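Given next are the chains, with one letter for each unit.
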Amino acid sequence: MTPPTWLGHVIAPSGADLRTHPTRTAPVIRCIVCGDVVRVHGVPACGGEWYPATYGAQSGFVLIEEVAE
């Protein structure tokens, strides 16, 4: 079964980092500016702190606190 996906907007004024793994020390794939849209896949991961997400053609993880529906 495929988890539901939804569009999230970056709400953090400083933007959001799309990271390779769901940790704050993981390498940044790219920075996403405030107001941009990311595709969120399913439910929070790794203790509820991260969303698996896709921005353009790149996939990784964003902090939940930086994205809203």
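Scroll up to find the structure this text is about.
Below, the structure is looked at part by part. (Residues numbered from 1 in each chain as written. Predicted model: local features only at pLDDT ≥ 70, side-chain atom pairs only at ≥ 80, totals over all residues. Heavy atoms only, no water.)

Turning to the overall build of the chain, a few remarks are in order. Counting its secondary structure elements, the chain contains zero helices and seven strands. Seen in sequence order, the chain has helices and strands lined up from the N terminus as β-β-β-β-β-β-β. Relative to its length of 69 residues, the chain is compact, with a C-alpha radius of gyration of 11 Å against a globular reference of 11 Å. Overall size of the chain, expressed as C-alpha extent along the three principal axes, is 35 × 25 × 20 Å. Here the chain, with 69 residues, has 39% of them falling under the buried criterion. The long-range share in the chain, meaning contacts at least 24 apart out of those at least 6 apart in sequence, stands at 53%. If you sum the accessible surface of the chain, you get close to 4,100 Å²; carbon and sulfur atoms cover 58% of it. (Helix = DSSP H or I, 4+ residues; strand = E, 2+ residues; numbered from the N terminus. Rg over C-alpha atoms; globule rule 2.2 N^0.38 Å. Buried < 20%, exposed > 50% of the residue type's maximum accessible area, 1.4 Å probe, protein only. Contact = heavy atoms within 4.5 Å. Areas by Shrake-Rupley, 256 points an atom, 1.4 Å probe, with all protein chains shown as cover.)

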